[in-house]
Number of protein chains: 2
Amino acid sequence: MKSWKIFRKFPETNLYPMKKVTIKDLAKALNLSISTISRALNDKYDINPETQAKVLAMAEEMGYSPNPIAQKLQNKKSKNIGVVVPEFRNAFFPDIISGIQDIVQPLGYQVLITQSNENSETELLNVKSLYENMVDGLIISFSSGTTDLKYYQQLVEQEFPMVQVNRVLEEINTSKVLFDDYSWAFMATEHLILQGYKNIFHLKGPKHIVVTKERLRGFEGAMKKHQLPMDPTQIIDSGVTIEDGKKAMQKLLEQGQKPDAIFAVNDPVALGAIEVLKANNIKIPNDVGVVGFSESRLSEVVQPKLTTVRQPTFEMGQAAAKLLLQEIESSISVPQTVKFSGNFKIKESSVKLI
Amino acid sequence: MKSWKIFRKFPETNLYPMKKVTIKDLAKALNLSISTISRALNDKYDINPETQAKVLAMAEEMGYSPNPIAQKLQNKKSKNIGVVVPEFRNAFFPDIISGIQDIVQPLGYQVLITQSNENSETELLNVKSLYENMVDGLIISFSSGTTDLKYYQQLVEQEFPMVQVNRVLEEINTSKVLFDDYSWAFMATEHLILQGYKNIFHLKGPKHIVVTKERLRGFEGAMKKHQLPMDPTQIIDSGVTIEDGKKAMQKLLEQGQKPDAIFAVNDPVALGAIEVLKANNIKIPNDVGVVGFSESRLSEVVQPKLTTVRQPTFEMGQAAAKLLLQEIESSISVPQTVKFSGNFKIKESSVKLI
DNA sequence: CTGAAAGCGCTAACAC
DNA sequence: GTGTTAGCGCTTTCAG
């Protein structure tokens, strides 16, 4: 077993490589007690400035750096925050994470990222591990299939700082950062309607995800507002990947359905649909208009360019981080919900050419 | 300051929520010494099976789970492994991470992921934090600009388990997991040549990255083999993003250059080039052929579909994890280099239509 | 087979 | 101002 315990002494320098230097070593070197060292290092009020200067100098010289493990054991605080996301194959969560880091790093917090592959068990393991490793708080976005909330509920009861982003579970009472999926799905659908499309189909995402439900609701709302006939067959179960989009579109065509527009739950699904449409020689946007919902950077690349709702992922990450820090650093904290707006990128896929 | 110290007692259950239960509590409950408890929990040889059974049962009942922080402080082992990547906006590193998790999780290791945004300072912070938090080993892929290797060299000297993937630094003597960029760049270029393209340009990546150099070398090798004239102006400095590709292509056209094919350092750059070509009404593949190098899932989406080299990212992650575990769990370990092969996806962008 | 005691590196009363 | 001491939760000698 090669382990941390191996520290070879280098005769040339007579130094142990890297941080073997502890507070004790400093104490010995300066003929002071370890508590004095600790006080100096932590800039306590009851330390003689001169002593402190000496200690700091020596610490520098000997390359001292504190052992965060020992500090955690003592303080029950780590200056680490944990992040749990279901996937990062799309740009969505990576961007959120960047936003989190942007806020948190300047304040000296370290971000530990964990990915659950849309698997609830892995997710639970990740959360437990993060928690037991004493992160000061958690930013979490749940996997699509998570139903066993016991552990999470316990964390909440215990007032463990936590905020949910995007893949939110209503039942868990923490601060939440959301995108206003309803309104923007409404708008996206309305855009199609205003462009003259009438027989609009929605390729729907996984059932239990709130985001999915909201986008569906937005779709239905817009259809209703404009009194377009709507039939359950216009809502197609799909998923979140290009593959899912392909399958859904394929099935739709095989069943002889004739949509004149598609509102997809997200961009990858929209792209899958586009691919199938193109393969079947159906022209976009003239035969069929398509609108997506950004979760990736794909919309810019596909031809025709995809009309889509852009979400401020980076800012959502920032918001989540701010809420979490607030909760970590203050004793009272009421769960808040922040809902973000996006913007609508109208491109070729939904504007008929004359 | 809300902190870990807050544990409210729930009168209904008379239980402290979650793991407040320590080895001590178990000892008290069973009237045994803490060392006996520890032995039982750790399945030591010198424990009475019956005692052990009792302890285990009680641990279960009281919902005991060990405090990993305390264990680390004692053992200097954490069953955590740290991962440092420069970015995860492309699918490349996420896929590698999935591969790592695939190997490591079944063995009870937890993966701590860290992202440096191509920033060497953040990278160093991440590594330090991971190291000080006593991960058992590190899988690292360096940022493009990293030049200060002191800290990393120290880690190596200290025989801290470490393996490099993809963004490798020659000077750092650890196991390495690589893709055979040279051969596949060679092959990609040769493919263009065999398709009849002659005036082939290479959109090159960032200078100091080995991967970039290897792909350039492959390009040059193939050109030389087929005795195609090659001029320094055929090698264009670019970057790694779509934007970089656009700029490079734009500049190239503005300078009046007339390539009949492009070999791009990666897919995003290829896509950028394609976009500019299309905008200038240059037909792909007939006027200009394009080949990329997969680092994303974009190649499937663009039109025309992009010929590209696919890298076995998941497997590379697995390999890195295996090497690292080997190093962690055995005392002797000679740095090894594993070089992966990929496969070549020939699509529309490089096959002239007749 | 089990218990007592030391110690991992650090912080925080409590003395002086 | 500084030193002494205890203790965070755990593992590991060392006795018995």
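Residues numbered from 1 in each chain as written. Chains lettered and ligands numbered in written order. Predicted model: local features only at pLDDT ≥ 70, side-chain atom pairs only at ≥ 80, totals over all residues. Heavy atoms only, no water.

Going by the annotation in an unreviewed UniProt entry, the name recorded for chain A is LacI family transcriptional regulator, with Persicobacter psychrovividus given as the source organism.

Caption draft 1: Region of interest: the domain arrangement of chain A. Structurally, chain A comprises domain 1 (3-66), domain 2 (78-179 + 313-341) and domain 3 (181-311 + 344-350). Domain 1 of chain A and domain 2 of chain A are separated by 36 Å when their C-alpha centres are compared. (Domains from an automatic or database assignment.)

Caption draft 2: The arrangement of the packing of aromatic side chains in detail. Counted under the stated rule, the structure contains 21 aromatic pairs over all chains. Taken together, a centroid distance of 6.3 Å and an interplanar angle of 90° make the contact between Tyr151(B) and Tyr152(B) edge-to-face. Summarising the burial analysis for this pair, Tyr151(B) and Tyr152(B) share the class buried. Between Phe179(B) and Trp184(B), the aromatic rings sit 6.4 Å apart at their centres with planes inclined by 35°, giving tilted as the arrangement. Each of the two residues, Phe179(B) as well as Trp184(B), counts as buried. Each residue in the set Tyr131(A), Phe142(A), Tyr151(A), Tyr152(A) and Phe160(A) is aromatic and connected to the rest through ring pairs, giving one cluster. (Phe/Tyr/Trp six-rings, centres within 6.5 Å; stacked < 30°, edge-to-face > 60°. Buried < 20%, exposed > 50% of the residue type's maximum accessible area, 1.4 Å probe, protein only.)

Caption draft 3: Just the sheet that holds strand S12 (residues 343-345) of chain B, in detail. Residue and element names in this part refer to chain B. If you trace the six strands from one edge of the open sheet to the other, you get S7-S6-S8-S9-S10-S12, paired in mixed fashion. Both outer strands of the open sheet, strand S7 (235-237) and S12, are each paired with one neighbouring strand and no more. When strand polarity is set aside, the average angle formed by the axes of neighbouring strands in this sheet is 20°. (Pairing = 2+ DSSP bridges. Helix = DSSP H or I, 4+ residues; strand = E, 2+ residues; numbered from the N terminus. Axes fitted to C-alpha atoms, helices over the stretch in contact; angles between N-to-C directions.)

Caption draft 4: Region of the structure containing the pairing of strand S5 (residues 175-179) of chain A. Residue and element names in this part refer to chain A. Of all the five residues making up S5, five are buried; the element is thus mostly covered by neighbouring parts of the structure. Of the two faces of S5, the one holding Ser175, Val177 and Phe179 and the one holding Lys176 and Leu178 are both buried throughout. Examined bridge by bridge, strand S4 (residues 162-165) and S5 share three bridges and lie parallel to one another. Counted as the bridge partner of Val163 is Ser175 from S5. Pairing geometry for S5 and strand S11 (residues 337-340), over four bridges, is parallel. Paired with Leu178 across the strands is Lys339, a residue of S11.

Caption draft 5: Molecular detail of the nonpolar core. In this structure, Ile81(A), Val177(A), Ile81(B) and Val177(B) are the most contacted members of the largest nonpolar core, which totals 93 residues. Once residues lying within four places of it in the same chain are set aside, the contact partners of Ile81(A) are Ile100(A), Val104(A), Tyr109(A), Gln110(A), Val111(A), Leu112(A), Val135(A), Gly137(A), Ile139(A), Leu324(A) and Ile328(A). (Core = buried A, V, L, I, M, F, W, Y, C linked by side-chain atoms within 4.5 Å. Contact = heavy atoms within 4.5 Å.)

Caption draft 6: Geometry of the relation of the copies chain A and chain B. For the match of chain A to chain B, the screw axis carries a shift of 0.1 Å, the RMSD comes to 0.1 Å, and the turn is 180°. Both copies are brought into coincidence by an operation consistent with a two-fold rotation axis. A symmetric contact is evident, with 100% of the interface residues of chain A recurring at the interface of chain B. (Least-squares fit on C-alpha atoms with pLDDT ≥ 70 in both.)

Caption draft 7: Representation of the protein's contact with DNA strand C in the model. Taken together, 30 residues surround DNA strand C, and among them Ile23(A), Thr36(B), Arg39(B), Thr51(B) and Gln74(B) come closest. Protein-proximal atoms of DNA strand C, defined as those within 4 Å of the protein, fall in sugar or phosphate at a share of 62%. In this structure, Ser33(B) approaches DNA strand C through a main-chain N or O atom, which is 3.1 Å from a phosphate oxygen. At the level of elements, helix H1 (23-30), helix H2 (34-41) and helix H4 (68-75) of chain A together with helix H2 (34-41), helix H3 (49-62) and helix H4 (68-75) of chain B are the ones that each hand at least two residues to the surface near DNA strand C. Counted by class, the surface near DNA strand C contains nine nonpolar, 14 polar and seven charged residues. (Near = heavy atom within 4 Å. Polar contact = N/O pair within 3.5 Å; in protein donor to acceptor, adjacent residues only side chain to side chain. Nonpolar A, V, L, I, M, F, W, Y, C, P; charged D, E, K, R; others polar.)

Caption draft 8: A look at the pattern of salt bridges. Applying the stated criterion across every chain, the model contains 26 salt bridges over all chains. Here Glu214(B) and Arg217(B) are joined by a salt bridge, their closest N and O atoms 3.1 Å apart. Note that Glu214(B) and Arg217(B) are positioned in helix H9 (residues 210-225) at a spacing of three residues, about one turn of the helix. Take Arg217(B): its relative accessible area is 40%, and that puts it in the partly exposed class. If you follow the salt bridges from partner to partner, you end up with Glu243(A), Lys246(A), Glu275(A) and Lys305(B) in one network. (Salt bridge = Lys/Arg side-chain N within 4 Å of Asp/Glu carboxyl O.)

Caption draft 9: Geometry of the packing of H1(A) against H2(A). Residues and elements named next belong to chain A. Interaxial distance between H1 and H2 falls to 8 Å at its minimum, and their mutual angle equals 110°. Relative to H2, H1 is oriented roughly perpendicular. Residues Ile23, Lys24, Leu26, Ala27 and Leu30 of H1 form the contact with H2, whose participating residues are Ile34, Ile37, Ser38 and Leu41. Across the contact of H1 with H2, the residue classes break down as seven nonpolar, one polar and one charged. (Parallel < 35°, antiparallel > 145°, perpendicular 65-115°, else oblique.)

Caption draft 10: Local environment of the sheet that holds strand S9 (residues 289-293) of chain A. All names here are of chain A. The six strands lie next to each other as S7-S6-S8-S9-S10-S12, forming an open sheet whose pairing is mixed. Across the chains shown, the open sheet's two edge strands, defined by having one partner strand only, are strand S7 (235-237) and strand S12 (343-345). Each adjacent strand pair in this sheet contributes to an overall mean axis angle of 20°, direction not counted. In terms of strand pairing, strand S10 (residues 307-310) meets S12 through three bridges, oriented antiparallel.

Caption draft 11: Broad picture of the protein's contact with DNA strand D. Not every one of the 29 residues close to DNA strand D is listed here, only the nearest: Ser35(A), Thr36(A), Arg39(A), Gln74(A) and Ile23(B). Near the protein, meaning within 4 Å, the atoms of DNA strand D are sugar or phosphate in a fraction of 59%, with bases accounting for the rest. One nitrogen or oxygen atom from the side chain of Lys76(A) is found 3.4 Å from a sugar or linking oxygen belonging to DNA strand D. With respect to DNA strand D, the side chain of Asn42(B) contributes an N or O atom lying 3.2 Å from a phosphate oxygen. Broken down by secondary-structure element, the contributors of at least two residues to the surface near DNA strand D are H2 and H4 of chain A together with helix H1 (23-30), H2 and H4 of chain B. Classifying every residue of the surface near DNA strand D gives eight nonpolar, 14 polar and seven charged.

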